[in-house]
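# A look at the structure
Each chain, letter by letter, is given below.
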Amino acid sequence: MRRILAILLENEPGSLSRIVGLFSQRAFNIESLTVAPTEDPSLSRITIATVGDDRVLEQIIKQVNKLIDVIKITDLTERKHVERELLLIKLLAMNDKSRTEVKRITDIFRGSIIDIGKQVYTVQVTGDADKLNAFIDAMSNETEIIEAVRSGCVGIARGEKALRI
Amino acid sequence: MTKELYTGAEMVVKALSALKVKYIFGYPGGSVLDIYDAIFNQNEIEHILVRHEQAATHMADGYTRATGEVGVVLATSGPGATNCVTGIATAYMDSIPMVVLSGQVATNMIGDDAFQETDIVGCSRPIVKHSFNCRKLEDIPNIIAKAFYIANTGRPGPVVVELPKDMLIPQNKGEFHIETDVKMRSYNPTVKGHPKQIKKAVKTIVQAERLVVYTGGGIVLADASEQLTELVERLNAPITNTLMGLGGISGTHPNFIGMLGMHGSLEANRSMANADVILALGARFDDRVTNNVKKFCPNATIIHVDIDPTSISKTINAHIPVVGLVDKVIQQLMDELDAIDFTPNKEALDNWWQQIDQWRSLKSISYEADGDKIKPQQVVEAMYEITNGEAYVCSDVGQHQMFAAQYYPFAKPRQWINSGGLGTMGFGLPAAMGAKIAFPDSHVICITGDGSIQMNIQELSTCLQYNLPVVIVSLNNRSLGMVRQWQDMIYDGRHSSSYMESLPDFVKLAESYGHVGIQINHADELQDKLTEAFSIKKRLVFVDVLVDETEHVYPMQVRHGAVDEMWTRKGVKA
């Protein structure tokens, strides 16, 4: 089962490598991983999308928690949460037809065209992984995908529940 | 008023002094010469110069296992640091607190493949509890204080501190501040067990009819053996120890049913297999205990007490998990037993003990003496007798390790020092040296074999330099005994690279290092010559005992079987 874990940890040199090292050392999966400092620059927040059964997930959470730099970890998928991912995609848009189609599909997915070149459009779309997959599918039917980059998902719990110190 | 300024190297030594360190085990080299200079200029801390950095880590480790105090290792960058890796992993697997100070090339050269540069923090990441890079020399004292705190609290473990050369040189100085009362927002190990879980655990224990107490290295680490003994006597329960947990209760205690696991006693493994409740205290259901996890004690309710939540339900699902320091939790369990006014269920206990005594009567830990050939078990028994069971026994890895575990009942915790988790050959001698430095007046034995002893034999030189008269008892079977045993049992006797040709003359070898060498060839001279060896107090004695090379360690769990499926003799299953 796919899970999204949110981790709050000390923004120290090497703390990210400890997380990544742990996942590879213990043969846990990483589907995506994002990391950035929080509003408090002494803290980083990591979101990891992973796959595993309950037992594996329990071990992942415990093992991550055991790392000295980690302050908190939570399984966002356990409760209501919001999940978003950013996609930047460069598409071939050679003629009017393909330009119109790219524009139309982008609108349907509430994306935006953020750059244009002579023959390419660059589009930005946000959403959960399913939406981005659907967008990529729709586009690949219409035109050629030159390049695509996904941020990996970030997530936050709904309501009052918060991951903070 | 001007504050006094110190170099980073001086800060290292000052910080270690503030943390009451008595010994540093190490080996100098370019990047740490400033620290060595600072060590030279003081008298509080003694530096022990080993002959190989791996031995420094094992020596620190042995010192720690014998005393409970954090061991300190100092190594230079590059090869010095990488030589420490095996010792760090050994300490990590057995949860031994250790602080390894490693040199590093100057900050501005890191990443340039400079001379003797290795990313030791990266190399050691999977085998440390934590590690630190120093970026500012003023941080050094508090980093070292934190390293000690982390190493020695919660589930203990090794911590690596990397010190770049530019932090240590005389040109750079700073003020010295150290906060020995460390607090960290990201690290607060649980201490006490959750009261609800304690109540649940006691409720289950009270209802048990076939309870087994199964304890591991956690009891030794937490110095909880007195409380454990009290609890066991209170419950009148059978108790078994893991290899790491031996000495947690006296090996001659009537409730002790022996070690469990791969080479455990039949009664211990049978008791586990037939238990209705297992109380696991500071043990981690290692594969050398459980055998096939799918067949492990299917009818038992498992109460698992451990300081490390990751150990709980990792391999075996715990029905009642309790996270906390084992000494505190045992006290909580006893308080709860008081609160409910516990009296043991005599009838159930009688039945249970009757059954266990029947298993005991099969005498699974026994061997047949064979006239002239010396049986390795015999040697351990003789050692036990001569030392009144009071020696520190530091083992290498292999058959001799199992024979020592089986035939030398340990009266006290910390008496038995071995690499249980990682199984590091070469551990024994340096570990024994570490124990001897802590307890110079006690018998300290290094029980080893002709394979293991050659993995750190160079330390005989260190023993001479620092006058460490350990007694090395080598059960010499001219082969890698445990490998050979597996080859006999599993590989149809194909002894692929398990025969040690060209062994040195160990007596002459010991003598060339300035020690005493004794060889024992025949069973009838075993007692006298061993007695002689142990009577030599002021010099290291290397006892080379030529034992029966065909001997196997029994009992032994049948591969992939249940916990109590065991070979008890060659070709005989229990």
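- Looking at an unreviewed UniProt entry, one finds chain B named Acetolactate synthase, with Thalassotalea algicola as its source organism.
- UniProt lists a comment for chain B under the heading Catalytic activity (unreviewed entry), and it reads "2 pyruvate + H(+) = (2S)-2-acetolactate + CO2".
- In the Sequence similarities (unreviewed entry) part of its UniProt record, chain B is described as follows: "Belongs to the TPP enzyme family."

- An unreviewed UniProt entry annotates chain A as Acetolactate synthase small subunit of Thalassotalea algicola.
- Entered under Subunit (unreviewed entry) in the UniProt record, the comment concerning chain A runs "Dimer of large and small chains."

## Looking at the overall build of chain B
- Secondary structure assignment for chain B yields 21 helices and 23 strands.
- Structurally, chain B occupies a C-alpha span of about 80 × 60 × 40 Å along its principal axes.
- Buried residues in chain B amount to 60% of all 574 residues.
- Contacts in chain B between residues at least 24 apart in sequence constitute 76% of all its contacts with a sequence separation of at least 6.
- Carbon and sulfur atoms form 49% of the exposed surface of chain B, whose accessible area is close to 22,400 Å².
- Within chain B, one finds 50 positive and 65 negative side-chain charges whose respective centroids are separated by 5 Å.

## A closer look at the UniProt feature "domain: ACT" (unreviewed entry) in chain A
- Here the UniProt-annotated "domain: ACT" (unreviewed entry) positions come out as residues 4–78 of chain A.
- Along residues 4–78 of chain A one finds 32% helix and 37% strand; the C-alpha atoms at either end are 9 Å apart.

## Some words on the pattern of salt bridges
All names here are of chain B.
- Overall, the coordinates contain 36 salt bridges over all chains when judged by the stated rule.
- Note that Lys136 and Asp139 form a salt bridge whose closest N and O atoms lie 3.9 Å from each other.
- The exposure class assigned to Lys136 is partly exposed, which follows from its relative accessible area of 49%.
- Relative accessible area serves as the criterion here: at 30%, Asp139 is assigned to the partly exposed category.
- The shortest N-O distance in the salt bridge between Asp338 and Arg234 comes to 2.8 Å. Linking Asp338 in helix H13 (residues 326–339) with Arg234 in helix H10 (residues 225–235), this pair joins segments that are 104 residues apart in sequence.
- Look at Asp338 and you get partly exposed, because its relative accessible area is 46%.
- For Arg234, a relative accessible area of 26% corresponds to the partly exposed category.

## Some words on a positive patch on the surface
- On the surface, Lys72, Arg79, Lys161 and Arg164 of chain A cluster together into a patch of positive charge.
- The topology assignment puts Arg164 of chain A in the segment after strand E9 (154–157).

## Thoughts on the nonpolar core
All names here are of chain B.
- Ranked by size, the top nonpolar core spans 70 residues in total, and within it Leu279, Leu281, Val473 and Leu530 carry the most contacts.
- Top element by residues in this core is H13. It accounts for 6 residues.
- Inspection of this core shows a minimum of three residues originating in each of domain 2 (195–360) and domain 3 (376–553).
- Residue contacts for Val473: discarding those within four places in its chain leaves Val379, Met383, Ile445, Cys446, Ile447, Thr448, Leu530, Phe534, Val543 and Val545.

## Side note on a nonpolar patch on the surface
- A cluster of nonpolar side chains, namely Leu16, Val20, Ile30 and Val35 of chain A, defines an oily patch on the protein surface of about 260 Å² accessible area.
- Tracing the sequence through the fold places Ile30 of chain A in the loop between helix H1 (15–25) and strand E2 (32–37).

## Quick notes on the interface of chain B and chain A
- Contact with chain B, which involves 20 residues of that partner, is made by 20 residues of chain A.
- Taken together, the two surfaces of chain B and chain A that pack against each other cover about 1,700 Å², and 45% of this comes from carbon and sulfur.
- In terms of surface lost to chain A, no three residues of chain B exceed Arg185, Ser186 and Thr310 of chain B, which account for 36% of the buried area on that side.
- Counting every contact that joins chain B to chain A gives 2 salt bridges.

## Digging into a negative patch on the surface
Residues and elements named next belong to chain B.
- A cluster of acidic side chains, namely Asp370, Asp372, Asp524, Asp528 and Glu532, defines a negative patch on the protein surface.
- The residue Asp524 is located in the loop between strand E19 (516–520) and helix H21 (526–535) in this model.
- Taking the relative accessible area as the measure of exposure, Asp524 reaches 64% and is therefore exposed.

## Things to note about the packing of H1 of chain A against helix H2 (residues 54–66) of chain A
Residue and element names in this part refer to chain A.
- Two elements in contact, H1 and H2, have axes separated by 10 Å at closest approach and are oriented at 145°. Regarding H1 and H2, the two cross each other, and that crossing is right-handed. In this structure, H1 contributes Ile19, Leu22 and Phe23 to the contact, and H2 contributes Ile60, Gln63 and Val64.
- By residue class, the composition of the contact of H1 with H2 is 5 nonpolar, 1 polar and no charged.

## Side note on the UniProt feature "domain: Thiamine pyrophosphate enzyme central" (unreviewed entry) in chain B
- Per the UniProt record, "domain: Thiamine pyrophosphate enzyme central" (unreviewed entry) is found at residues 198–333 of chain B.
- Taken end to end, residues 198–333 of chain B is 35% helix and 20% strand, and its first and last C-alpha atoms sit 6 Å apart.

## A short note on the domain arrangement of chain A
Residues and elements named next belong to chain A.
- Here chain A is described as being made up of domain 1 (2–78) and domain 2 (82–154).
- The gap between the C-alpha centroids of domain 1 and domain 2 is 29 Å.
- At the boundary of domain 1 and domain 2, one finds 1 salt bridge.
- Our count for the contact surface shared by domain 1 and domain 2 stands at 2 residue pairs in polar contact (both at pLDDT 80 or more).
- For the side of domain 1 that touches domain 2, the elements supplying multiple residues, two or more each, are strand E1 (2–10), E2 and strand E3 (43–51).
- Ranked by the residues each element gives to the side of domain 1 that touches domain 2, the list is headed by E2, at 3 residues.
- Residue classes in the side of domain 1 that touches domain 2 are distributed as 3 nonpolar, 3 polar and 1 charged.

## Concerning the sheet that holds strand E3 (residues 46–49) of chain B
Residues and elements named next belong to chain B.
- A sheet is described by the order of its strands in space; here 6 strands give the open sequence E3-E2-E4-E5-E7-E6, paired in parallel fashion. Of all strands in the sheet, those with a lone pairing partner are E3 and strand E6 (130–133), marking the two edges. Each neighbouring strand pair of the sheet contributes to a mean axis angle of 20°, computed without reference to strand direction.
- In the sheet, strand E2 (residues 23–27) pairs with strand E4 (residues 71–75) via 3 bridges, with the strands oriented parallel.

Reading the values: the criteria
- Residues numbered from 1 in each chain as written.
- Chains lettered and ligands numbered in written order.
- Predicted model: local features only at pLDDT ≥ 70, side-chain atom pairs only at ≥ 80, totals over all residues.
- Heavy atoms only, no water.
- UniProt positions renumbered as here; feature names shortened; annotations may be inferred.
- Helix = DSSP H or I, 4+ residues; strand = E, 2+ residues; numbered from the N terminus.
- Buried < 20%, exposed > 50% of the residue type's maximum accessible area, 1.4 Å probe, protein only.
- Contact = heavy atoms within 4.5 Å.
- Areas by Shrake-Rupley, 256 points an atom, 1.4 Å probe, with all protein chains shown as cover.
- Lys, Arg positive; Asp, Glu negative; His and termini not counted.
- Charge placed at Lys NZ, Arg CZ, Asp CG, Glu CD.
- Salt bridge = Lys/Arg side-chain N within 4 Å of Asp/Glu carboxyl O.
- Patch = residues over 30% accessible without salt bridge, like charges linked within 9 Å, V, L, I, M, F, W, Y side chains within 5 Å.
- Core = buried A, V, L, I, M, F, W, Y, C linked by side-chain atoms within 4.5 Å.
- Domains from an automatic or database assignment.
- Buried area = accessible area lost by both parts, 1.4 Å probe.
- Axes fitted to C-alpha atoms, helices over the stretch in contact; angles between N-to-C directions.
- Left-handed = near helix turned anticlockwise from the far one by under 90°.
- Nonpolar A, V, L, I, M, F, W, Y, C, P; charged D, E, K, R; others polar.
- Polar contact = N/O pair within 3.5 Å; in protein donor to acceptor, adjacent residues only side chain to side chain.
- Pairing = 2+ DSSP bridges.

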